[in-house]
Amino acid sequence: MITQTDVKMLEETAHLAQVRGRSLWEDARVRFFRNKAAVAGLFVLIAICAFALFGGLFAKFEPDYVDFSLMGANAYQGVPSLSSGHYFGTDIDGRDLFARTVQGTSISLLVGIVGSLVAVVVGTLYGATAGYVGGRTDGIMMRIVDILMSIPFMFVLILMLVIFGRSILMLFIGIGLISWLNMARIARGQTLTIKNKEFVEAAIATGVSPFTIILRHIIPNLLGIVIVYATLLVPEMIIFESFISYLGLGVQEPNTSLGALINAGASQMTNGTLWMLFYPLGFFLITLFAFFFVGDGLRDALDPKDR
Amino acid sequence: MSEPILSVRDLSVTFDVRPQNAWPWTPSLKLQAVSGLSIDLQPGETLGLVGESGSGKSTLARAIIGTVPVSGGDILYKGQSLMAMGRQERRKHRRDVQMVFQDPLASLNPRMTVGDIIAEPLVTHEPDTPRKDVKSRVGELMERVGLLPNLINRYPHEFSGGQCQRIGIARALILKPKLMICDEPVSALDVSVQAQVVNLLTELQKDMGLSMIFIAHDLSVVKHISDRIVVMYLGRPMEIGPSKAVCRAPTHPYTQALIASVPIPDPKAERARVRPILEGDLPSPLAPPSGCVFRTRCPKVQAVCAGDRPVMDTSGPDQMAACPFHD
Ligand SMILES: Nc1ncnc2c1ncn2[C@@H]1O[C@H](COP(=O)(O)OP(=O)(O)OP(=O)(O)O)[C@@H](O)[C@H]1O
Ligand code: SF4
Ligand SMILES: [Mg+2]
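Criteria and cut-off values
Residue positions are counted from 1 within each chain, in the order its sequence is given. In the order they appear in the text, chains get letters beginning with A and ligands get numbers beginning with 1. Only residues with pLDDT of at least 70 are given local features in this predicted model, and only at 80 or more are side-chain atom pairs given and counted; all residues enter the totals for whole chains, interfaces and linings. Only heavy atoms go into the side-chain values, all of them from the structure, while hydrogens and water stay out. Proximity is defined per residue: any heavy atom of the residue falling within 4 Å of a molecule or strand makes that residue near it. Put simply, the grid is 1 Å and covers the protein atoms alone, a cavity is a trapped set of points that fit a 1.4 Å probe, a pocket is an open set with protein on both sides within 12 Å along at least five of seven lines, and lining residues have an atom within 4 Å of a point. Placement in a cavity or pocket follows one criterion, namely that more than half of the molecule's atoms lie within 2 Å of its grid points. Just so you know the grouping, Ala, Val, Leu, Ile, Met, Phe, Trp, Tyr, Cys and Pro go in nonpolar, Asp, Glu, Lys and Arg go in charged, and all remaining residues, Gly too, go in polar. Two N or O atoms form a polar contact when they lie within 3.5 Å of each other; inside protein one atom must be a possible hydrogen donor and the other a possible acceptor, and for residues adjacent in sequence the pair counts only when both atoms belong to side chains. Surface accessibility follows the Shrake-Rupley procedure with a 1.4 Å probe radius. Residue values consider only the protein chains on display as shielding. Only when DSSP finds a minimum of two bridges between them are two strands counted as paired. Secondary structure follows DSSP: runs of H or I at least 4 residues long count as helices, runs of E at least 2 residues long count as strands, and numbering of each begins at the N terminus. Axis lines are fitted through C-alpha atoms, for helices just across the contact stretch, and the angle between N-to-C directions can take any value from 0 to 180 degrees. The contact criterion used is simple: two residues touch if any of their non-hydrogen atoms lie within 4.5 Å. In short, buried area is how much 1.4 Å probe accessible area vanishes from two parts on joining, totalled over both. We define a salt bridge as a side-chain nitrogen of Lys or Arg found within 4 Å of a carboxyl oxygen belonging to Asp or Glu.

A. Representation of the site of ligand 2 within the structure. All names here are of chain B. Close to ligand 2 lie His252, Pro253, Cys292, Phe294, Arg295, Cys298, Lys300, Cys305, Cys323, Pro324 and Phe325, which account for all nearby residues. Structurally, ligand 2 is housed in the largest cavity. Residue composition of the shell around ligand 2, by class: 8 nonpolar, 1 polar and 2 charged.

Below, the structure is given as structure tokens:
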């Protein structure tokens, strides 16, 4: 039996205990971890990052160490084997493919993450400012984006790499230049919708300053979509870099990236050294899929519209 | 009569609307959302503002709180023109006028806790208040509007519509404003909750001696709580008068039609009743009818109605109607 006093006591304890609310971020986290594919993707991604960071410790050879005895004979002697220490075999120059795959993976990840970071910082600020200020400023800022977007960037980047020489820095500059454009558009579109929400109007009406409104009301509501898009941008940038490297214009020897390794492997396809293609290609595909799964999971978890 | 706390003088608000699929150089259309509206609000008074959807009620409210640009006329707060105020002065003034919004959930930032939302005006205007005081004031106010103070760390999406509106009310009241504008505060809520929220508002208004503008799209909500009522149609005032008079003896044909369109709870009486039903649709606000804007739907329309725009004319004690043929 529940007596009156019990009821009263229950009410009082309810009164005393401060209930902690669950923010939308926490909700999103719960939703994300319920999504099996996304969680699997996340684990794979962590594994790949660990591989890129610490894989070098397990390699028996330096990535640029050339084993002259294997040079040109890698089809017979450079076969992947645990006993020789060349876990993934060797490439045409007798270099250890395991060490080179580790290096390629880390450079590809770096390219993807740098491109995506530039997009987040530059794109979000640019887009949110254009959207919030509106009017003519918005018009001019977005026309600039349109013009930059209409330039065939692959072509310009190839030209730049040819003129200024092939270097990682050039590649980063090139990727940084294009990656933020789409992000700026997305951030602006979002800002326009958020700006017209009643809670922003309420803030304006009470006299909150525009800068505080952007920081307190616009950016937190924009962040979900920015995170999703940034995650999906990483694989896009990796593909972009791979394509450039596949053309032989990307990362320079002795450095390498997954795209460059795939290129080397593909050119040796007829020589019976298929491992040269399959190991880098495997890492490439697994990385991309992991990012896509995580990105999709984040979208389902963060974007309220698709729920 | 004392000095009005708010007087709106011949206010008009015009929006530029881009025609669809137009060339960039075609001029934008002018939408007169509010036009030629004058009202005075006495301290402690509740003014009901009634009109169909799209009649410019929210726009008028926005003009008063200063979130849409005013294109003509003036708004005086305690005799001081808001239009003439500088930026800083205007920002300071904003603490005296607060608004409760039409959509309870949309008016709360989904990423902020209830406590932060309610405290925002306080933190904005009194940034030096110690955190402890802010929290205790928020707690007190939450209790006052009927929310458990232990919900302070919750987020808006964890509340029902009625509770969200209570949060909105608490936010509007934390700075102890002089004037509160409630823009259809209950039309998005369940009928059972509507009465609770309306009662809460009237109670708070009495306790704190607030002046209030209460917006609704039909008379039934406002008639009990307002001292005077303004009826709007297509951005123009149709009738202004004491609440009782407007509801019992409406003088403007539009108000009469509005009152007649409220269903009577008894089905027999409802069927037996003859009533001048509002026919036709609301004309486009982009191309309002010439003369009296109501003439396309008015049961008493005459040839002269298309001529000059009718002016406000005394139609009873303290009552005015914008129609030369008022009762
Ligand atoms: N920012 C804007 N730009 C262009 N037109 C607008 C804007 N805001 C409102 N309008 C137009 O002004 C007119 C009046 O709108 P308002 O929101 O004031 O009506 P309302 O009486 O509040 O209606 P409701 O009962 O639906 O809230 C409408 O025709 C609307 O389309
Ligand atoms: S002025 Fe004419 S059209 Fe307008 S309300 Fe009066 S009678 Fe009707
Ligand atoms: Mg409205």
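Continuing now.
B. Main features of the site of ligand 1. Residue and element names in this part refer to chain B. Contacts to ligand 1 come from 14 residues, most closely from Ser53, Lys57, Ser58, Thr59 and Glu184. In this structure, Ser58 approaches ligand 1 through a side-chain N or O atom, which is 2.6 Å from an oxygen atom. Between ligand 1 and Thr59, the relevant distance is 2.5 Å, taken from an oxygen atom to a side-chain nitrogen or oxygen of the residue. In the complex, the protein chains occlude 68% of the 640 Å² of accessible area that ligand 1 would expose alone.

C. Inspection of the sheet that holds strand 6 (residues 97–100) of chain B at higher detail. Residue and element names in this part refer to chain B. With respect to topology, 8 strands assemble into an open sheet ordered 6-7-8-3-9-10-12-11, the strand pairing being mixed. Two strands bound the open sheet, and with one partner strand each, they are strand 6 and strand 11 (313–316). For this sheet, the mean angle separating the axes of adjacent strands, direction not counted, is 25°. In this sheet, strand 12 (residues 319–321) lies alongside strand 10 (residues 236–242) in antiparallel orientation, the contact comprising 2 bridges. Looking at the pairing, Glu239 lines up with Ala321 of strand 12. Sitting on the sheet, helix 6 (residues 191–208) is in contact with strand 3 (46–50), strand 7 (179–183) and strand 8 (211–216), with an inclination near 160° to strand 8. The sheet strands contacting helix 9 (residues 253–260) are strand 3, strand 9 (228–233) and strand 10, and the helix crosses strand 9 at an angle near 100°.

D. Up close: the interface of chain A and chain B. Across the boundary between the two partners, chain A contributes 27 residues, which contact 33 residues of chain B. For the chain A and chain B pair, buried surface summed over both sides reaches about 2800 Å², with 52% attributable to carbon and sulfur atoms. Between Glu120(B) and Arg216(A) there is a salt bridge; the shortest N-O distance is 2.6 Å. For the side of chain A that touches chain B, the elements supplying multiple residues, two or more each, are helix 1 (4–16), helix 2 (24–34), helix 9 (198–206) and helix 10 (210–246) of chain A. Counting residues per element, the side of chain A that touches chain B draws most heavily on helix 9 of chain A, which supplies 8 residues. Among the residues forming the side of chain A that touches chain B, the class breakdown is 12 nonpolar, 9 polar and 6 charged.

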